[in-house]
Amino acid sequence: FHFINKKPKGKFIIRLSRDMSSIMKGAKSVARQLRNDLGIRMGETTPDGMFTLEWTSCIGMNYQAPAMMVNNEVFSNLTPPKVHRIIEDCRQELYAHRPTVGNVGETHASTLSYASHEPNAALNRLVQQRMSPADVSGELTVSGLKGRGGAGFPTGVKWNLASKAEGDVKYIICNADEGEPGTFKDRIILGKYADLVFEGMTLAAYAVGATEGIVYLRYEYTHLRPHLETILAARRKANLLGENILGKPGFCFDIRIHMGAGAYVCGEETALIESLEGRRGEPRNRPPYPVEKGFLGRPTVVNNVETLATASCIVARGAKWFTSIGTERSKGFKLFSVSGDCARPGVYELPWGMTVQQLLELVDGQGAKAVQVGGYTGELVPASQFDRVMGYEDLGIGGSIIVYGQGREMLEVAENYLEFFIEESCGQCTGCRIGNTKLLDGVRLLQKGTCSNRYLNDLIGLSHSIKTTSKCGLGQASPNIFIAINEHFKEEIMARPVLAA
Ligand code: SF4
């Protein structure tokens, strides 16, 4: 129905981000201004067909929240007067000539270690030292690099498995479907260090014997595509992509970009592959895993943007450099996207092993009430546990940190997360499709103070059922927030006039 009943869109499609970081920074007052200026509600188009107004999930601009897209242009640090001016410019057809309000590319990007990486140093080393495919995946295995998308599977092992998988055609996919609310590190990497990502894909292709690479770019990052195509063209010209590259006869590899369509679940690798094959983005049953049977049934490596960029640095500098950073079980550094109630939001490159408290001091978020570590599917850490360590031995996570200051309502946080998961569920599993809707009903009853203790316990039971009956990470993690606030902020929930059973 969602697709069949699609209404016609206006000339200017305005999508306002409604993730928690945006809500905390005033997205609701911006939405009010937009509704007043346009005379329509969210989801509607003006009668003259000029404007369509929609909520959307995170667009990767949380450090400059609130933010919105007008068609494919990004506007950030919005206030009601600013959006009023943007609407006026659109009406006067000045829109095409105005610069975007925020700077979408800068945020500590020059301090990342990627900045000191010599262009194509990894590929040069591969040629000069005559590294074999096994040498390349071996270097990564020794480095201990784990997938930076959140799942944490060892990268060298994945490449090795794909190299051994049977098949004369193999693929390398760069997962650039960065849809986790609060995460914007991959957008920064693609904007500043795309060469490193393409170099990482080429290394992976050499290691596994792949001939084609695909960047699956999230729809909300359409504005990055011309920049990425320019870099790909330059690499082809430099004989770093195409036929017989790196002076190795028979090594043919090229990369193309495929645009996503705005579905969060396509960040899950098998849903991404379904989408690439032209079907609805729905997670597949596993096994078989993509390294054996992925895109078009062929062995496929799917790696996150950050993983590929980091792999280039490791092959260039050697595994020893990487293992000298981090902890025993968590090697190297990690990029974190920090947003919410802190004075210095942005992308930070940090060694594994820091505590949550140390991170808060760095971003000037001391005195926080709680921190969401690892995005909406991650873990809510209360102030009493700020000595917990970020690393695979404790909080082994993706790259999103959302700081919640004192005074933030935890039920509002849970409501926002559940609305997101309901919107993004692909609908295959009953628990995820229906259970989360029931859970959201319960959260709203709790907000009104009209939820009995017995019902509250039923909701906790429901949360565990959703976790165990869901096929993919979305459903499995969706009730985490409700379970966490019951565990850590029960008093806050019970302080409302909950009716006794
Ligand atoms: Fe789809 Fe949710 Fe099931 Fe994942 S858990 S496959 S998103 S219904």
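Everything that follows concerns the structure shown earlier in this document.
Residues numbered from 1 in each chain as written. Predicted model: local features only at pLDDT ≥ 70, side-chain atom pairs only at ≥ 80, totals over all residues. Heavy atoms only, no water.

Asker: How should the pattern of salt bridges be read in this particular structure?
Answerer: Should their charged atoms come close, side chains of opposite charge can pair. Considering all chains together, one arrives at 29 salt bridges under this definition. Note that R256 is salt-bridged to E212, the shortest N-O span being 2.7 Å. Separated by 44 residues along the polypeptide, R256 in strand β7 (residues 254-259) and E212 in strand β6 (residues 212-217) bring together distant segments of the chain. Judged by its relative accessible area of 25%, E212 is partly exposed. Measuring nitrogen to oxygen at the nearest pair gives 2.7 Å for the salt bridge that ties K369 to E492. Residue K369 is located in the loop between α13 (356-363) and β11 (370-373), and its partner E492 is located in helix α19 (residues 490-494); the two are separated by 123 residues in the primary sequence. Under the relative-accessibility criterion, K369 is labelled buried at 11%. For E492, a relative accessible area of 24% corresponds to the partly exposed category. (Salt bridge = Lys/Arg side-chain N within 4 Å of Asp/Glu carboxyl O. Helix = DSSP H or I, 4+ residues; strand = E, 2+ residues; numbered from the N terminus. Buried < 20%, exposed > 50% of the residue type's maximum accessible area, 1.4 Å probe, protein only.)

Asker: Would you explain the packing of aromatic side chains in this entry?
Answerer: One pair of aromatic rings is described through two measures. These are the centre distance and the angle between the planes. In total, this model carries 16 aromatic pairs according to the counting rule given. Where Y376 meets Y417, the ring centres are 3.8 Å apart and the plane angle is 15°; that geometry is what we call stacked. Residue Y376 is found in the loop between β11 and β12 (379-382), and its partner Y417 is found in helix α14 (residues 410-424); the two are separated by 41 residues along the sequence. Y376 sits in the buried class, given a relative accessible area of 1%. Feature note: the residues Y114, Y193, W321, F322 and F333 constitute an aromatic cluster, connected by ring pairs. Between the NZ or CZ atom of R218 and the centre of the ring of Y221, over which it lies, the distance is 5.0 Å. Over the ring of W321 we find R317; its NZ or CZ atom is 4.7 Å from the centre of that ring. (Phe/Tyr/Trp six-rings, centres within 6.5 Å; stacked < 30°, edge-to-face > 60°. Lys NZ or Arg CZ within 6 Å of the ring centre and 35° of its normal.)

Asker: How should I be thinking about helix α10 (residues 269-276) in this particular structure?
Answerer: A large share of α10 lies buried, amounting to eight of its eight residues. The complete set of buried residues in α10 reads E269, T270, A271, L272, I273, E274, S275 and L276. Next to the buried residues of α10 lie α6 (155-164), β5 (171-176), β6, β7 and β8 (300-304). G278 occupies a position one or two residues after α10 and carries a positive phi of about 95°. (Contact = heavy atoms within 4.5 Å.)

Asker: How do you make sense of the pairing of β7 when you look at a structure like this?
Answerer: Both faces of the sheet carry side chains from a regular strand, because those side chains alternate between them. Summarising the sheet, β6 and β7 pair through six bridges and their orientation is parallel. Paired with G213 across the bridge in β7 is I255. Crossover β6 to β7 through helix α9 (residues 225-237) is right-handed. (Pairing = 2+ DSSP bridges. Right-handed = clockwise from strand over helix to strand, strands pointing away.)

Asker: What exactly am I supposed to notice about the site of the ligand here?
Answerer: By nearness alone, 13 residues border the ligand, and C426, Q428, C429, C432 and C472 come closest of all. Looking at the shell around the ligand residue by residue, the classes come out as seven nonpolar, five polar and one charged. (Near = heavy atom within 4 Å. Nonpolar A, V, L, I, M, F, W, Y, C, P; charged D, E, K, R; others polar.)

Asker: Help me understand the packing of helix α5 (residues 133-143) against helix α11 (residues 305-317), please; the structure alone is not making it clear to me.
Answerer: Axis angle and axis distance: for two packed helices, these are the angle between their axes and the distance between the axes, and together they describe the pair. Where α5 meets α11, the axes come as close as 10 Å, and the angle between the chain directions of the two elements is 100°. The angle between the axes of α5 and α11 places the two elements in the roughly perpendicular class. On α11, the residues that touch V136, E139, L140 and S143 of α5 are A311, I314 and V315. Its residues assigned to classes, the contact of α5 with α11 shows five nonpolar, one polar and one charged. (Axes fitted to C-alpha atoms, helices over the stretch in contact; angles between N-to-C directions. Parallel < 35°, antiparallel > 145°, perpendicular 65-115°, else oblique.)

Asker: Explain the nonpolar core to me, please; I cannot follow it from the model alone.
Answerer: Side chains of nonpolar character tend, in soluble globular proteins, to be buried together. Core analysis: the largest hydrophobic core is formed by 66 residues, its most contacted members being Y114 and W159. Residue contributions to this core peak at eleven residues, all from helix α8 (residues 194-208). Apart from the residues lying within four places of it in its own chain, the contact partners of Y114 are I189, Y193, L196, E306, A309, T310, C313, F333, L335 and E349. If you look at the next biggest cluster of nonpolar residues, it comprises 38 residues, including I23, A27, Y376 and A414. (Core = buried A, V, L, I, M, F, W, Y, C linked by side-chain atoms within 4.5 Å.)

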